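Remarks on the overall topology
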Amino acid sequence: MDRVKQFDLAKLSVREVNQFLHHELPGSGIERVEILNPDGSHSIAAGLDCDVAVEIQGHAGYFIAGMNKLASVTVHGNVGWSVAENIMSGCVRVKGHASESAGASGHGGLVVIEGDASSRCGISMKGCDIVVSGSVGHFSAFMAQAGTLVVCGDAGPNLGDSLYEATIYVRGTIHSLGADAREEEMEPADVERVSRLLADAEIDLDTSGFKRVASARSLYHWNAEVHQEY
Amino acid sequence: MSGPIHREESASIDRRAIGYIREAAEYGLYDIRGMGAKRRVPSFDDLVFLTASASRYPLEGYREKCDSKTVLGTRVAKKPVELEIPITIAGMSFGSLSANVKEALGRAATEMGTSTTTGDGGMTPEERQSSKTLVYQCLPSRYGFNPDDLRKADAIEIVLGQGAKPGGGGMLLGQKVSARVAEMRTLPEGIDQRSACRHPDWTGPDDLKIKIEELREITDWQVPIYVKLGATRVRDDVKLAVKAGADVVVIDGMQGGTAATQQVFIEHTGIPTLAALPLAVEALEDMNVVGEVQLIISGGIRTGADVAKALALGADAVSIGQGVLVALGCNHDSYFQDGRDVDATDDYAKLGTAPGYCHHCHTGQCPVGITTQDAVLEQRLTPEIGAKRLKNYLQVLSMELTTLARACGKSNVHHLEREDLVALTVEAAAMAKVPLAGTQWIPGLQQK
């Protein structure tokens, strides 16, 4: 049987495609799904829950591959807000740039942005890994609880504001750190972690020059004495 | 020399204000507490029904049927929520409440044919198992939020705010962040947990529309999507929620409770439930979606009379939080354990309070075992006892509701209407937009 299925969003709705991906695809033996003419449509491949490769051929809109489980979704273009939001497992790869909140509140899995990611990349992340080949915008990893954000380029203002237990690695310039975020020494375990994530993301870059940012944990308990001067 | 002691208290710097200022000066901290607004505000108590007499025909109170079935989410969803009564259980988290309490809520709601709601921190297996109809909240923190639980939900409630703290995020102080709570929320145990006040993946009503569509895609357009708002700019906010695609709008007035927030929020933000409800109804009327988008009102609903008045003013259902906790035993002077009532007044005293006055949910030291994660305290309320009390309470509310509806000549509680009500005070008349009793006067309404 044919192990590749193709959909054209110029002829079908996102809803029809997602219904197939949710209900007909699992157990069908289809290993690869190609989606043509996304033309900025939102929520393509949202809510997947099976091991399949989905290729989106073009620019796509908001919430692409939202809440992804198991699937590998690749966007051959740019994406709008909140790609792979709340990702649980699997891999979501954007060959172009990503707008705001890429990988927001992700619990697991890997998000790869081959271009730049805009502001709040990795906001509220809860265990997923995000690798950005380019740079990230302001307030990235805001309130990030667990997981790893690797930035191969630069980071904008207020990186890691109100961090919990997530870790950030930045190779380029950090414009500024947010409240309770601090730069720490790179240990051998950090180098190994960055190396593994770069390999997983298929980004050919050595680990030299990366800086580690983590929480100073000074906001873990409420303190009235700081007068908003974090 | 001695003389009479003068006791003319200042109206502005009264003993209450003096106490507040002294405490602030002493500790440099503001008050954090649970429950809702304590100040007196115009409420459903200020309305009365014009029940049937010569000009209206009543239904016999005990024999003629009065339907209370309620359907929510008829706009888009393939499976609207169908309830036996228009009284739902408000979202309250595992974390703020014990697992026993969450299970009790589910059991009682199921027995009465109504819904219960998750809260910040996600869905526990106990509450899913015990709740026939469970509404899954999508909150800014996204603690424990995942697609598996999303697909198990009977409805989704996107929370933009709540009446006790519109514009503010959540708070769970370290003493309640137990190992299980911490694991569900992916946080270190024992930290003071802050929930975000804004959603991480969208901002503004145009984005909300796309977010709602995403959740519909993930759940295959099966279940209704509610949008919950704290009551502030109600008319505008309801319109934006409807425009964004909400199936159900939930408005939480300023009397709504919380497990913990700053007192300044609880007492000084938002508008009373009585004022919020007519504004929400007007917004639905303006958009011509009455009957298409359902309206749930919450914030200080306690009695069957409150429920009846809310329905008469245009709500499709009500949602109750604090009343539910009180039914379980909140602020009672004892708890029931090992077959006997055990006095809890000493435990209230340790918190610096007494039964009837307690708002110490934030401490996690609930003397009656409701708002706690303490392994000993939570044994003070079993799911069985809690469910029985809550079922009784919901049953009374339902009976009072249908009693009033029958007396107004209605065979269906949803037939109660604004014309059945008058107000006892000018303020209530203006807010509820019903006439002051004995007059045709509705303050603020243009006379024709």
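Data block above holds the structure.
Residues numbered from 1 in each chain as written. Chains lettered and ligands numbered in written order. Predicted model: local features only at pLDDT ≥ 70, side-chain atom pairs only at ≥ 80, totals over all residues.

Summing up its helical and strand segments, chain A has two helices and eleven strands in all. Over its C-alpha atoms chain A spans a radius of gyration of 18 Å, differing by no more than 12% from the 17 Å that the globule rule assigns to 230 residues. Taken along the three principal axes of its C-alpha coordinates, chain A extends 65 × 35 × 25 Å. In chain A, which comprises 230 residues, the share counted as buried stands at 54%. Long-range pairs, those at least 24 residues apart, make up 25% of the contacts in chain A with a sequence separation of at least 6. (Helix = DSSP H or I, 4+ residues; strand = E, 2+ residues; numbered from the N terminus. Rg over C-alpha atoms; globule rule 2.2 N^0.38 Å. Buried ≥ 20, exposed ≤ 12 C-beta atoms within 10 Å, placed from the backbone. Contact = placed C-beta atoms within 7 Å.)

Moving on to unusual backbone geometry. Leave glycine aside and you will find that most residues have negative phi; peptide bonds, for their part, are mostly trans. Residues and elements named next belong to chain A. Of note, the phi angle at Asp39 is positive, near 45°, even though the residue is not glycine. The topology assignment puts Asp39 in the loop between β2 (32–36) and β3 (53–57). With 12 C-beta atoms packed within 10 Å, Asp39 lands in the exposed category.

With 37 residues of chain A at the interface, the matching set in chain B holds 23 residues. Of all the elements in the fold, those that place two or more residues in the side of chain A that touches chain B are α1 (14–24) and β7 (126–132) of chain A. Among the elements that make up the side of chain A that touches chain B, the one with the highest residue count is α1 of chain A (five residues).

Here we take up helix α2 (residues 188–200) of chain A. All names here are of chain A. When the terminal C-alpha atoms of α2 are compared, their 18 Å separation across 13 residues agrees well with the 18 Å that a helix rising 1.5 Å per residue should span. In this fold, the buried residues of α2 make contact with β7, β8 (146–151) and β9 (167–170). Within two residues after α2, Glu202 carries a phi angle of roughly 60°, on the positive side. (Expected span 1.5 Å × (residues − 1).)

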